[in-house]
Every structure is written in C-alpha cells, then in structure tokens.
Amino acid sequence: MMRITSMFGTAALLAALSVSATPAPSGARVYFLSPADGDTLSSEFTVRFGLEGMGVAPAGVEQENTGHHHLLINADPMPDLTQPLPASDQVRHFGGGQTETRLSLPPGQYRLQLVLGDAQHAPHQPPIMSELIQVTVE
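Q: Got a minute to help me understand the overall build of the protein in this structure?
A: Looking only at helices and strands, the protein has one helix and nine strands in total. Tracing the protein from N to C terminus, the helices and strands come up as α-β-β-β-β-β-β-β-β-β. Across the protein, contacts joining residues at least 24 apart in sequence account for 65% of those joining residues at least 6 apart. A total of about 7,900 Å² of accessible surface is found on the protein, and carbon and sulfur atoms cover 54% of it.

Here you go:
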C-alpha cells in the first residue's frame, strides 16, 4: 500500500512540474487598441488587442517570444497567474492567434484586462498584462 501511495505522489509531483513557466521577454507589453478606458459602448462592440515586443502564435505552438491573448471580463477573483488560464465567461481564450473580437454584453459596468498566455494557456512569468480598463455598456 505504501508503494502505491508513493507512486501516486510521484505522479502528482511530475504532473505539477510539467507546467513550467515561460519567461516573459524584457519590455514586452499587451494593451487595448480599443475600446479606451472610460468608453461608453453599445451592447455589441469590437475589442482590439495590441502587443509590443513579442509575436502572436496560436495555442499549442511552441515558439520563443510568442503568446496568445486572453481577455478577462469582470474577473473576480483574478485567476491564478501561475497556472493555465481556465476558459469561462470571465476568461475568454483567443488560442487561434486572434487579435480582436466582437463582444455582446448586457448593459452594465465592465472591467476588462488582457493577459498573454503561452502555448499551454499559462501566463508568462512575470505575467504580461494590460492595464485594467473600465467601460460602460448601454
């Protein structure tokens, strides 16, 4: 029994170690081209992502100094930025290498933030994140 428990413990440790942090290149940044902080928007609007100091590559593509976008919408609590980002209504994945999206949101206040993910959807370390912006949807 002790040997089986030890094997499971080793397997769990190896699985945890398999998600290694992809280093963030110095000076890389992600930002919103649009909308701007404080904008009032209609229920359907386009979000455009900007990236500097890196390239965009689809999820699953291992290429140095690249990543793909994730859009956080009213993410509370903030996802664990040491693990692959979970897909949800608050964490939108753009693993195809998209640099913009069309959103349809009900009226309200929204906090938006971009996080760049590596080939496995994990944030680079340190995380490459945009400034948080706030928009109003009417």
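Structure shown, so let's carry the discussion forward.
Q: What's the story with the layout of surface pockets in this structure? I'm lost.
A: With a probe scaled to a water molecule rolled over the atoms, the places where space remains empty come into view. Approximately 150 Å³ is the volume attributed to the largest pocket. The wall of the largest pocket is formed by 19 residues, among which Thr22, Glu62, Gln63, Thr66 and Asp118 lie closest to the centre. Here the lining of the largest pocket gets three residues from one element, more than from any other, and that element is strand β5 (residues 66–73). Partitioned by chemical class, the residues of the lining of the largest pocket number seven nonpolar, nine polar and three charged.

Q: Is there a simple way to explain the sheet that holds strand β3 (residues 44–52) in this structure?
A: For sheets, the rule is that strands pair by backbone hydrogen bonds, running either parallel or antiparallel. One open sheet accounts for three strands, arranged β1-β3-β7; its pairing is antiparallel. At either end of the open sheet lies a strand with only one pairing partner, and these are β1 (29–34) and β7 (100–104). Neighbour-to-neighbour, the strand axes of the sheet open up by a mean angle of 30°, direction not taken into account. Bridging between β1 and β3 involves five bridges; their strand directions are antiparallel. For Phe32, the partnering residue across the bridge sits in β3 and is Phe49.

Q: Any chance you could explain the side chain of Gln113 here in plain terms?
A: For Gln113, the location among the structural elements is in strand β8 (residues 108–117). Residue classification places Gln113 among the buried positions, given a relative accessible area of 13%. Separated by 2.8 Å, the side chain of Gln113 and the backbone oxygen of Ser130 make a polar contact. For Gln113, the residues in contact, after removing those within four places along its chain, are Phe32, His70, Leu71, Leu72, Met78, Met129, Ser130, Glu131 and Leu132.

Q: Which parts of the structure should I look at to understand the nonpolar core?
A: As a rule of thumb, nonpolar side chains are buried together in soluble globular proteins. Phe32, Phe45, Leu71, Leu103, Tyr110 and Leu112 are the most contacted members of the largest nonpolar core, which has 22 residues in total. Looking at this core, the elements that each hand over two or more residues are β1, β3, β5, β8 and β9 (133–137). The residues contacting Phe45, other than those within four sequence positions of it, are Pro35, Thr101, Arg102, Leu103, Leu105 and Val137. Membership of the second largest hydrophobic core comes to six residues, among which are Leu72, Ala75, Leu81 and Val91.

Q: What is the right way to read the pattern of salt bridges from this model?
A: Where charged atoms of side chains with opposite charge meet at close range, the side chains can pair. Throughout the structure, instances matching the rule amount to three salt bridges. For the salt bridge of Glu52 with Arg29, the shortest nitrogen-to-oxygen distance reads 3.6 Å. In this pair, Glu52 is assigned in strand β3 and Arg29 in strand β1, connecting sequence segments 23 residues apart. With a relative accessible area of 39%, Arg29 lands in the partly exposed category.

Rules used in this analysis
- Residues numbered from 1 in each chain as written.
- Predicted model: local features only at pLDDT ≥ 70, side-chain atom pairs only at ≥ 80, totals over all residues.
- Heavy atoms only, no water.
- Helix = DSSP H or I, 4+ residues; strand = E, 2+ residues; numbered from the N terminus.
- Contact = heavy atoms within 4.5 Å.
- Areas by Shrake-Rupley, 256 points an atom, 1.4 Å probe, with all protein chains shown as cover.
- 1 Å grid on protein atoms, 1.4 Å probe; cavity = no way out; pocket = protein on both sides within 12 Å on 5 of 7 lines; lining within 4 Å.
- Points joined across faces, edges and corners; volume = space filled by probe spheres on them.
- Nonpolar A, V, L, I, M, F, W, Y, C, P; charged D, E, K, R; others polar.
- Pairing = 2+ DSSP bridges.
- Axes fitted to C-alpha atoms, helices over the stretch in contact; angles between N-to-C directions.
- Buried < 20%, exposed > 50% of the residue type's maximum accessible area, 1.4 Å probe, protein only.
- Polar contact = N/O pair within 3.5 Å; in protein donor to acceptor, adjacent residues only side chain to side chain.
- Core = buried A, V, L, I, M, F, W, Y, C linked by side-chain atoms within 4.5 Å.
- Salt bridge = Lys/Arg side-chain N within 4 Å of Asp/Glu carboxyl O.

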